[in-house]
Amino acid sequence: MAVGCLVFARRFAGDRERGWTALAMTAAVLPTALVAWPSAEGFSVRLLVAAGLMFAFVGALAWRYTRTTGKTQRQVEMSN
């Protein structure tokens, strides 16, 4: 998942979208750092937070691409 975020970060950087680039980089680095933290205390909480951050990023991408195209995948399929 982190590698996918980095791919999106590279794409957004190529499109000169700083905000989305920063969000994608944060979505790649922060959950990885939370999971890789060496302490065993609170590991389940860190996993929960990391998963929440990843799902939030995927949701933000879905919102972005639905908003920019104006159609959902189902609407595109129905029009063909």
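Our subject in this report is the structure included herewith. All figures in this text were calculated on a predicted structure; none of them were measured in a lab.

A tally of helices and strands in the protein yields 4 helices and 0 strands. Shown N-terminal to C-terminal, the secondary structure of the protein runs as helices and strands in the order α-α-α-α. When contacts within the protein are restricted to residue pairs at least 6 apart in sequence, those whose partners lie at least 24 apart make up 46%. Looking at the protein as shown, the accessible area adds up to about 5,900 Å², and 66% of this sits on carbon and sulfur atoms.

Here the focus is a nonpolar patch on the surface. On the surface, Leu30, Val45, Val49 and Leu53 cluster together into a nonpolar patch covering about 300 Å² of accessible area. With 3 residues, the top contributor of residues to the nonpolar patch is helix H3 (residues 43–69). On the secondary structure map, Val45 appears in helix H3.

What follows covers helix H2 (residues 18–36). Here H2 spans 27 Å end to end across 19 residues, near enough to the 27 Å set by a 1.5 Å rise per residue. For H2, the complete set of buried residues consists of Trp20, Thr21, Ala24, Ala27, Ala28 and Pro31.

As a further point, take the nonpolar core. Counting 11 residues, the largest nonpolar core consists of Cys5, Ala9, Phe12, Trp20, Ala24, Ala27, Ala28, Met54, Phe57, Ala60 and Leu61. Of all the elements in the fold, those that place two or more residues in this core are helix H1 (2–14), H2 and H3. In contact with Ala27, other than residues within four places in its own chain, are Cys5, Met54 and Phe57.

What counts, and at which threshold
- Residues numbered from 1 in each chain as written.
- Predicted model: local features only at pLDDT ≥ 70, side-chain atom pairs only at ≥ 80, totals over all residues.
- Heavy atoms only, no water.
- Helix = DSSP H or I, 4+ residues; strand = E, 2+ residues; numbered from the N terminus.
- Contact = heavy atoms within 4.5 Å.
- Areas by Shrake-Rupley, 256 points an atom, 1.4 Å probe, with all protein chains shown as cover.
- Patch = residues over 30% accessible without salt bridge, like charges linked within 9 Å, V, L, I, M, F, W, Y side chains within 5 Å.
- Salt bridge = Lys/Arg side-chain N within 4 Å of Asp/Glu carboxyl O.
- Expected span 1.5 Å × (residues − 1).
- Buried < 20%, exposed > 50% of the residue type's maximum accessible area, 1.4 Å probe, protein only.
- Core = buried A, V, L, I, M, F, W, Y, C linked by side-chain atoms within 4.5 Å.

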